[in-house]
Amino acid sequence: MQDTYMMVKPEAFAAGHVAAILALAVDNGFELVRVRSLGMDQELAEKFYAVHRERPFFGDLVKYMTSGPVCGFHLRRDDAVSRMRELVGATDPVDATAGTVRFRFGTSIQENAVHASDSPENAQLELGIIFG
């Protein structure tokens, strides 16, 4: 069993998609370990997305992630990280495979409904940031 992290972003949260997104994860064999709804402040968003600090979009990303509540899920299953990456789909919803989270709920490359850990190491880091 492997742990991973998925977060419903502000626009998907505001649109009421949290339950549907969690249901997709559960229907695809993920066990819900913990859930937390929160409002990210600037400090938390900057810490969470520190890997992107030098990228030109970092400021916009932090502003966007602090624009409304998010919902974080600690999920578990075999090959959780790679399976979750398959389930969420391509970063840009235009490129996402039909049936994936981002195809169904994403609206743009930034407002793409969810964040998902990209490695087991980052999953542990992200889980620690959000759940302590």
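This report concerns the structure included in the present document. A quick note: this is a predicted structure, and the numbers were derived from the prediction, not measured.

On to unusual backbone geometry. Among all residues save glycine, negative phi is the norm, and among peptide bonds the norm is trans. Positioned with a positive phi, Asp-79 is a non-glycine residue whose angle comes to about 50°. Relative to the helices and strands, Asp-79 is located in the loop between strand 3 (69–77) and helix 5 (80–88). Using a relative accessible area of 47% as the deciding quantity, one classes Asp-79 as partly exposed. Phi is positive for Ala-113, close to 75°, though the residue is something other than glycine. Structurally, Ala-113 can be placed in the loop between helix 6 (101–105) and strand 4 (114–116). The class for Ala-113 is buried, based on a relative accessible area of 0%.

What follows is about helix 4 (residues 58–65). Residues of helix 4 that are buried: Phe-58, Leu-61, Val-62, Tyr-64 and Met-65. End-on, the buried residues of helix 4 take up no more than an arc of 165°, which puts them together on one face. Residues of helix 4 that are buried make contact with strand 1 (2–8), helix 1 (10–14), helix 3 (42–48) and strand 3.

In this section: the packing of aromatic side chains. Enumeration according to the criterion identifies three aromatic pairs in this entry. Measuring from centroid to centroid gives 4.9 Å for Phe-48 and Tyr-49, while their planes differ by 70°, and the two rings are edge-to-face. Accessibility assignment for this pair places Phe-48 and Tyr-49 in one class, buried. The structure contains a cluster of three or more aromatic residues connected by ring pairs, namely Tyr-5, Phe-48, Tyr-49 and Phe-131. The aromatic ring of Phe-30 is capped on one face by Arg-77, whose charged end is 5.4 Å from the ring centroid.

The rules we used
Residues numbered from 1 in each chain as written. Predicted model: local features only at pLDDT ≥ 70, side-chain atom pairs only at ≥ 80, totals over all residues. Heavy atoms only, no water. Helix = DSSP H or I, 4+ residues; strand = E, 2+ residues; numbered from the N terminus. Buried < 20%, exposed > 50% of the residue type's maximum accessible area, 1.4 Å probe, protein only. Arc of directions from axis to C-beta. Contact = heavy atoms within 4.5 Å. Phe/Tyr/Trp six-rings, centres within 6.5 Å; stacked < 30°, edge-to-face > 60°. Lys NZ or Arg CZ within 6 Å of the ring centre and 35° of its normal.

Don't take any of this as a statement about function, it's just geometry.
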